[in-house]
Amino acid sequence: MAMVRQDHNMGGTMLTEHISEVERQYYYMEQCHSWIKTQEEKLGRPLTASVITFGCQMNARDSEKLTGILEKIGYTIIESEKADFVIYNTCTVRENANLRVYGRLGQMKHIKKNNPGMMIALCGCMMQEPEVVEKLKKSYRHVDVIFGTHNIFKFAELIYRRITEGQMIIDIWKDTDQIVEDLPNDRKYPFKTGINIMFGCNNFCSYCIVPYVRGRERSRSPKDIIEEVKELSEKGYKEITLLGQNVNSYLRTEKEKNISFEEYEGVNSFATLLRAINKIEGIERIRFVSPHPKDFTDDVIEAIRDCEKVCKLIHLPLQSGSTQVLKVMNRKYTKEQYLNLVEKMKKNIPNLTLSTDIIVGFPGETEEDFEDTLDVVKKVKFEQVFMFIYSRRVGTPGDKMENQVPEEIKHKRFDRLKALVESQIAERNKEYVGTIQKILIEGKSKNNDEMLTGRTDSNKVVIIQGNDDLIGKVLSVEIVSEHMWYLKGKTEKE
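The model shown is predicted, which means the values in this text are computed figures rather than measured ones.

Draft legend 1. Summary view of empty space enclosed by the protein. What the rule picks out here adds up to one cavity of 30 Å³ or more. In this structure, the largest cavity encloses a volume near 40 Å³. Across the lining of the largest cavity, the residue classes tally to two nonpolar, three polar and two charged.

Draft legend 2. Structural context of the sheet that holds strand E9 (residues 192-196). Pairing is parallel across the open sheet formed by three strands, whose spatial order is E9-E12-E13. Edge positions in the open sheet fall to E9 and strand E13 (285-289), since each of these has one partner strand only. Strand-to-strand twist of the sheet, defined as the mean angle between neighbouring strand axes without regard to direction, takes the value 25°. Examined bridge by bridge, strand E12 (residues 239-243) and E13 share five bridges and lie parallel to one another.

Draft legend 3. Just the side chain of Arg285, in detail. By secondary structure assignment, the location of Arg285 is in strand E13. There is a polar contact of 2.5 Å between the side chain of Arg285 and the backbone oxygen of Lys438. Those residues in contact with Arg285 that lie beyond four places of it in its chain are Lys238, Glu239, Ile240, Lys309, Cys311, Lys438, Ile439, Leu440, Arg455, Thr456 and Asp457.

Draft legend 4. How the structure looks around the packing of helix H12 (residues 335-348) against helix H13 (residues 367-380). Relative to each other, H12 and H13 sit at 5°, their axes nearing to 11 Å. If you check the angle between H12 and H13, you find them roughly parallel. Here Lys335, Tyr338, Leu339, Val342 and Lys346 of H12 come into contact with H13, specifically with Asp372, Asp375, Val376, Lys379 and Val380.

Conventions and cut-offs
- Note that residues are indexed from 1 along each chain, following the sequence as it is written.
- pLDDT decides what is reported in this predicted model: residues at 70 or higher carry local features, side-chain atom pairs at 80 or more are listed and counted, and totals for whole chains, interfaces and linings draw on all residues regardless.
- Calculated side-chain values reflect all of the structure's heavy atoms, with hydrogen atoms and water omitted.
- Grid points spaced at 1 Å over the protein atoms alone were grouped into cavities, where a 1.4 Å probe fits but cannot get out, and pockets, open sets with protein on both sides within 12 Å along at least five of seven lines, with lining residues defined by an atom within 4 Å of a point.
- Grid points are joined across faces, edges and corners, and a volume is the space filled by probe spheres set on the points.
- Each residue is assigned to one of three groups, with Ala, Val, Leu, Ile, Met, Phe, Trp, Tyr, Cys and Pro labelled nonpolar, Asp, Glu, Lys and Arg labelled charged, and all others, Gly among them, labelled polar.
- What makes two strands pair is DSSP finding at least two bridges between them.
- Runs of E in the DSSP output that reach at least two residues are strands. Runs of H or I that reach at least four are helices, and both are numbered from the N terminus.
- With axes taken as lines fitted to C-alpha atoms, and helix axes fitted only over the stretch in contact, angles between N-to-C directions fall between 0 and 180 degrees.
- Any pair of nitrogen or oxygen atoms within 3.5 Å is treated as a polar contact; in protein, a donor-acceptor pairing is required on top of that, and neighbouring residues in sequence qualify only through side-chain atoms on both sides.
- Every residue pair with non-hydrogen atoms within 4.5 Å of one another is taken to be in contact.
- For this classification, under 35 degrees means roughly parallel, over 145 means roughly antiparallel, 65 to 115 means roughly perpendicular, and everything else is oblique.

This is the structure in structure tokens:
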């Protein structure tokens, strides 16, 4: 039991001796809750908060945790940058992402001027860059709280400090081996969600800033992951996505460092984790992102093959089809090794489909290198391709390379790749017509409120007619027509 003393600033109590981190954070949530109740009584209305997310699924999952803490504190969550508390969860994969945030902050300065009680917080990958924090301290003094990727669990404590200290709070950790469980979170959907199985990355691809802002790999315990999935299943969740920068190296770092971990339900690797989750009743689909080709071991391939709930669309980032470019990228595989892996996966996993990431115009990429990329795309016939024009990223080795590809050439190559990919997708879509697909209905179509939208096992978007009570259910749907970016289907009842 923690010893406490009176806190005259907020009329509550303060911690005076060590307790668990979870207890510590719930304590600060209680203190902030008391403060919010007082403010609401003064204003005669609820205090509102809004979390704006940039970036990947990892960031989206972090935002769910932030939102959960805000709700526990007592904020009413809205989708507006005119809320009483606005939080930007930032991405820094590309320079343009930083510029977007600075632009938003410039606009927010005027909004906050008219609402002095407003608070603004910045967190996420962008905050892990020292030059960004210095710029914020100098030019964006209207920001109230700044923290990074490693200490999101301290969100309530940082809010408390801002309230009691009355000044900009900056709390950036360079790295951590700490994972704090059992804090509030508010998941976006009641039927599908992401689950972190690990954090950080050890790969240091020469174009990527992630290892510098997310830190080294660290895995969650098998018990915590399995218990979380079971809890979600009991709440009615149908689909989970296992999240990590390099999921198929789950627990590898711990083994290399001889760090003891509690084996739970036979889980001691990514393959055994897939098998354990596959046994959990109620869960109907299991996805994962992102694996690394160099770590795609036979036991993982066999687990995907054997586990009926694991979706057979596998995201397998290529980045480039050129062995020479891959070497400069520090990807640690060749064109031939990638194609051999694909062939092995297709041979062993029935109905396998693949998606990938490709960077066009990496420094030193020649026409011959780009042709190698086109060759891989032609041979693999990806279900989805996420294409990016290389943009220099300060802080990465790629930014310092002298043989940068001219912008005009990059864009022409991108257009050629895009044309090839779209022609393959058009052909592939025709194969769906007349088939029966299992579709998880996710909500109303963005373009037509009278239609519902969902996704196949292979992540194809499908629209159907139906009532809202179908949302969150897995249906058998006949595909009746194909379009470039979606399929149209009908249920057996139609």
